[in-house]
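Read off the chains here:
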Amino acid sequence: MKKSFILIMMLVLSVMYLNAQVNQEFIINKYKPIAEKIISKVMSDSSSYKNLGYVCDVFGHRLSGSENLENAIRWIVKEMKNDGLDNVRTDSVMVPHWVRGKEECIMTSPWKHKIPVLAFGGSISTPKGGIKAKVLVVNGFDDLAAKKDLAKGRIVVYNVPFKNYGQAVQFRFVGAINAAQAGAIASLTRSVTPQNLVSVHTGMMVYADTVEKIPHGAISIEDAELLQRLQDRGISPEMSLTLESESLPDVLSYNVLGELRGNEKAEEIIAFGGHIDGWDLGTGAHDDASACIASWGAIKILKDLGLAPKRTLRSVMWANEENGARGGKAYAAQHGDEPHALVFEWDSGCFAPSAVRFTCDSSLFQILKQMEPILKLINKDLVVDNRGGGVDIGPMMRLGYPGGSLSTNDQGKYFVYHHSDSDTFEKIVFEEYNQCLAAMAVSLYIYADLPIDYFKYIKKN
Ligand SMILES: [Zn+2]
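For clarity, every value in this text was computed on a predicted model and none was experimentally measured. Sequence order sets the numbering: in each chain, residues are counted from 1 along the sequence as written. Under the rules for a predicted model, residues below a pLDDT of 70 receive no local features and side-chain atom pairs below 80 are neither given nor counted, while totals for whole chains, interfaces and linings still include all residues.

Chemist: I'd like a description of the overall build of the chain, backed by residues and values.
Modeler: Put simply, DSSP marks the helices as runs of H or I at least four residues long and the strands as runs of E at least two long, and each gets a number from the N terminus on. Each helix and strand in the chain was counted, giving 16 helices and 14 strands. For the chain, whose C-alpha radius of gyration is 25 Å, the value lies close to the compact-globule estimate of 23 Å for 461 residues. Overall, the chain is about 85 × 50 × 40 Å in size when its C-alpha atoms are taken along their principal axes. Out of the 461 residues belonging to the chain, those deemed buried represent 50%. The quantity called the radius of gyration is restricted to C-alpha atoms. Its globule counterpart is 2.2 Å times the number of residues to the power 0.38. Counts of 20 or more other C-beta atoms within 10 Å of a residue's own C-beta define buried residues, counts of 12 or fewer define exposed ones, and intermediate counts define partly exposed ones; C-beta atoms are placed from the backbone.

Written as structure tokens, this is what we have:
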């Protein structure tokens, strides 16, 4: 009894000692020289940026269920192996297969005007021959409720200016449910974007089991405003709308994994990356190929420098986020039992990095915060902050693992490109991409190497 008590005390004291020495002085002395090496290599290397360009330009947009996505995945796996990453492999994931068809929207009265239109992901098709109806413009759900008597048999148009993504996206996400409840036969949403250059932005929508399903899509700011001004003059615009789309049976796709095995606690995992799927527009350069290719690039650079941290760094490219979030769910089902010291996702666009975020125990966060001066070598505005998270890592975080993410300073540009034809490779600035890559490589190298017992801070659910 006495012997085991002494043993336990020794263990407790050694853990206390381990954590006690991890202060800012320790972190800076140990990791600043390593970070300087990583940063100088990343900032002068164009190979990862070229890989990003190749994936975007050669394979194209990558909606789940598409041949494009599978072609991209096959090429990435081959090249990750060529780059010498450890344990490069794919995990099976069944993903949704929604396909866009012919789309046409014409204002037929008071004058004939072709309106660019996109169905939202998951929308049902319009009936054969399309829909011809009067338009009712509303500026929110309250306005729709107030005009309920007018909505029956009409195409409801939500004309709600963009203040922020969370506020604007609800009309895309659940707009069809509210419009159908009011008696509308289709609904359209002003694109979720702050900018007006006749761009149209798609995204995910949902139906409710108990409410009739109606076709739901997006139009540009200009056309939503035109319809609004006509209605405000007492003129009811008329429209003919065709949105052909189809939900096919789920198909097999893959999460992609590649590692740098840890040299001391290899069984402990730091998983990080982004989602490799994207909408069927543009080439998903910002959303979210940049994060995927940079996570591979971070491991490649560390390998080239001969740097291996104590724990295993695992690049993960989740197969399906945009229209089903199946990649993250499958990852948690397949790997939730492996001890993850951290799951980390970057899905906020590729601009200058502004924050490396961690959602974890507050005393652990205080230790992680100490790496901030090192990250400022990459970009002076870069901070370590709390509130990390993301759709793909959500299922692992719900199991109790700490979650992290990279935020970027988009200066209002992200939602100009997001989910539209303009999310393409030339929008990615070489230096900003490499700064993001360096932010992940440095912060996650340090995380993976710190002499800390992470599982002291993790309560598994
Ligand atoms: Zn995304």
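Chemist: Go over helix α16 (residues 430-449), please, and point to the residues and values.
Modeler: In a helix, the anticipated span is given by 1.5 Å times the number of residues less one. Relative to the 28 Å expected for 20 residues at 1.5 Å per residue, α16 spans 28 Å between its end C-alpha atoms, a close match to the ideal helical length. For α16, the buried fraction is high: 17 of the 20 residues fall into the buried class.

Chemist: Outline unusual backbone geometry, listing residues and values.
Modeler: Going from Ser109 to Pro110, the amide bond is cis rather than trans, its omega being 15°. Within the element layout of this structure, Pro110 appears in the loop between β1 (86-109) and β2 (113-114). In this model, Asp287 is joined to Asp288 through a cis peptide bond whose omega is 10°. Locating Asp288 in the fold gives a position in helix α10 (residues 285-304). Even without being glycine, Val198 reaches a positive phi, approximately 50°. As for its placement among the helices and strands, Val198 is situated in the loop between β6 (186-190) and β7 (216-219). Despite not being glycine, His419 has its phi angle at roughly 60°, a positive value. Tracing the chain through its elements places His419 in the loop between α15 (414-417) and α16. With 29 C-beta atoms packed within 10 Å, His419 lands in the buried category.

Chemist: If you had to explain the pairing of strand β9 (residues 265-275) to someone new, which residues and values would you point to?
Modeler: Strands pair, by our definition, only if DSSP identifies at least two bridges between them. Examined bridge by bridge, β9 and strand β10 (residues 311-318) share eight bridges and lie parallel to one another. Residue Ala271 lies in a different strand from β10, and its bridge partner there is Arg314. Whether a crossover is right-handed depends on one test, that the path from the first strand over the helix to the second runs clockwise when the strands point away from the viewer. Between the parallel elements β9 and β10, the chain passes through α10 in a crossover that is right-handed. Looking at chain direction, β9 and strand β11 (residues 340-345) are connected through five bridges and run parallel.

Chemist: An account of the environment of Val58 is needed here, citing residue identities and associated values.
Modeler: Its place among the elements puts Val58 in helix α3 (residues 47-59). Sequence-wise, Val58 and Ala72 are 14 residues apart; in three dimensions their C-alpha atoms are separated by 8.4 Å.

Chemist: How would you sum up the domain arrangement of the chain? Please name residues and give values.
Modeler: Interfaces are often sized by the amount of accessible area the parts lose when they come together. An automatic or database domain assignment supplies the residue ranges for each domain. One can read the domain layout of the chain as domain 1 (23-96 + 250-456) and domain 2 (111-236). One C-alpha centre belongs to domain 1, the other to domain 2; they are set 35 Å apart. Under this grouping Gly is polar, as are all residues other than the nonpolar Ala, Val, Leu, Ile, Met, Phe, Trp, Tyr, Cys and Pro and the charged Asp, Glu, Lys and Arg. Along the lines of polarity and charge, the residues of the side of domain 1 that touches domain 2 split into four nonpolar, six polar and one charged.

Chemist: Give a description of the pairing of strand β14 (residues 403-409) that names residues and reports values.
Modeler: Among the seven residues in β14, six count as buried, and that is most of the element. Where β11 and β14 come together, three bridges link them in parallel fashion. Within the sheet, the bridge partner assigned to Val343 lies in β14 and is Gly403. In this sheet, β14 lies alongside strand β12 (residues 352-359) in antiparallel orientation, the contact comprising seven bridges. Its bridge partner lying in β14, Pro353 is registered against Thr408.

Chemist: Tell me what's going on with the environment of Gly53, and back it up with residues and numbers.
Modeler: For Gly53, the location among the structural elements is in helix α3. The class for Gly53 is buried, based on 20 C-beta atoms found within 10 Å. Taking C-alpha positions, Gly53 is 9.7 Å from Ile293, a pair spaced 240 residues apart along the chain.

Chemist: Explain the nonpolar core to me, and be specific about the residues and the numbers.
Modeler: Here, a nonpolar core denotes buried Ala, Val, Leu, Ile, Met, Phe, Trp, Tyr and Cys residues that are linked to one another through C-beta atoms within 7 Å. Formed by 92 residues in total, the largest nonpolar core has its most connected members in Ile270, Ile276, Ala439, Met440, Ala441, Val442 and Leu444. Counting residues per element, this core draws most heavily on α16, at 13 residues. Here Ala441 is in contact with Ile38, Val42, Ala298, Ile301 and Leu302, once residues within four sequence places are set aside. Judged by nonpolar contacts, the second largest core, of 44 residues, contains Val117, Ala168, Ala184 and Ile185. Note on contacts: each residue gets a C-beta atom placed from the backbone, and two residues are in contact if those atoms are within 7 Å.

Chemist: Which residues make up the packing of α3 against helix α4 (residues 67-82), and what values do they have?
Modeler: For helices, the fitted line uses only the C-alpha atoms of the stretch in contact; every axis is such a line through C-alpha atoms, and the angle between N-to-C directions lies from 0 to 180 degrees. Where α3 contacts α4, the axes come no closer than 10 Å and their chain directions differ by 150°. In terms of orientation, α3 lies roughly antiparallel with respect to α4. Relative to α4, the crossing made by α3 is right-handed. In this structure, α3 uses Asn51, Val55 and Phe59 to contact α4, whose residues at the interface are Asn68, Asn71, Ala72, Trp75, Ile76 and Glu79. Reported orientations rely on four angle classes, namely roughly parallel under 35 degrees, roughly antiparallel over 145, roughly perpendicular from 65 to 115, and oblique for the rest. Two helices cross in a left-handed way if the nearer one is turned anticlockwise from the farther one by less than a right angle. They cross in a right-handed way if the turn is clockwise.

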